[in-house]
Amino acid sequence: MLVRWFFRGYVWGGSVSAFTTRFEEERQRVRELISVCDEALGDRQVLIPRPRGLEDSSRHWSVWMTLEHLRLIHESLRKVMLALSRGVSLEGKASTAAVKPPVGITSSVIPVYEASCDALISTAQQIKSLKTELKFAHPWFGPLDAYGWYAMAPFHLRLHRAQIQTILKRSRMV
């Protein structure tokens with residue numbers, strides 16, 4: 001409940017340009033972190049302590065798996081934002097299980113992840129107004145309009161950047 005209130009305040013106090021800036025800052029931090037990864041380091045699954053906001057089932061991932069998860073999320077965010085901005089109701093509900101990465105992801109995920117970042121930002125900039133009447137429920141934050149879904153992007157990227165940081169730190173201890 002506390003996270004939901006914090007997130008709503010974050011969304012209310014933000015703007016599309018502020019969310020884009022935060023997203024790009026976190027994206028750059030991710031780039032810096034993965035620049036030290038060779039294939040073996042990026043592929044190593046490491047069990048990390050559960051940071052606030054990370055589901056327990058996401059604690060034993062590799063760097064490459066984390067990037068794949070981010071790619072899947074970015075694609076999902078784009079689809080939700082586009083649908084809501086076009087007045088299209090989405091069927092079903094957002095599922096955290098649908099964006100879990102498989103084992104065996106390789107460094108080939110890096111350019112695909114980068115392309116998903118570009119596509120997400122481009123989509124947000126192309127939509128005339130992200131403040132849509134239609135909403136779609138997020139599993140943790142409840143019903144969000146397209147603006148709320150876009151606001152989640154840097155918030156989410158920051159969480160998983162910290163995860164990558166912890167994976168790399170613990171990988172060096174193993």
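Conventions adopted
Residues numbered from 1 in each chain as written. Predicted model: local features only at pLDDT ≥ 70, side-chain atom pairs only at ≥ 80, totals over all residues. Heavy atoms only, no water. Phe/Tyr/Trp six-rings, centres within 6.5 Å; stacked < 30°, edge-to-face > 60°. Lys NZ or Arg CZ within 6 Å of the ring centre and 35° of its normal. Helix = DSSP H or I, 4+ residues; strand = E, 2+ residues; numbered from the N terminus. Expected span 1.5 Å × (residues − 1). Bend = angle between axes of the 7 residues up to and from the residue. Buried < 20%, exposed > 50% of the residue type's maximum accessible area, 1.4 Å probe, protein only. Contact = heavy atoms within 4.5 Å. Polar contact = N/O pair within 3.5 Å; in protein donor to acceptor, adjacent residues only side chain to side chain.

Points about the packing of aromatic side chains
Right, so step 1: Under the defined criterion, the tally for this structure stands at four aromatic pairs.
Right, so step 2: Through a chain of ring-to-ring contacts, the aromatic side chains of Trp140, Phe141 and Phe155 assemble into a single cluster.
Right, so step 3: Across the ring face of tyrosine 147, the terminal group of lysine 131 is positioned such that the distance to the ring centre comes to 4.6 Å.

Focus on helix α6 (residues 146-171)
Right, so step 1: The terminal C-alpha atoms of α6, which comprises 26 residues, lie 37 Å apart, in line with the 38 Å expected from a rise of 1.5 Å per residue.
Right, so step 2: The principal kink in α6, of about 25°, is found at alanine 153, preceding the proline proline 154 by one to four residues.
Right, so step 3: Across the 26 residues of α6, 19 count as buried, placing the element largely inside the fold.

Notes on the side chain of histidine 74
Right, so step 1: Mapping histidine 74 onto the fold places it in helix α4 (residues 63-85).
Right, so step 2: Overall, histidine 74 belongs to the buried group, its relative accessible area being 1%.

Observations concerning the environment of arginine 59
Right, so step 1: Locating arginine 59 in the fold gives a position in the loop between β1 (46-47) and β2 (60-61).
Right, so step 2: If we ignore the near neighbours within four places in the chain, the residues touching arginine 59 are Val46, Leu47, Ile48, Pro49, Arg50 and Leu54.
Right, so step 3: Engagement of the side chain of arginine 59 in a polar contact is seen with the backbone oxygen of isoleucine 48, the distance being 2.6 Å.
Right, so step 4: Separated by 3.0 Å, the side chains of arginine 59 and aspartate 56 make a polar contact.

Focus on the environment of serine 76
Right, so step 1: Mapped onto the elements of the fold, serine 76 is located in helix α4.
Right, so step 2: Note on serine 76: relative accessible area 32%, which makes it partly exposed.

Any functional reading would require information that these geometric values do not contain.
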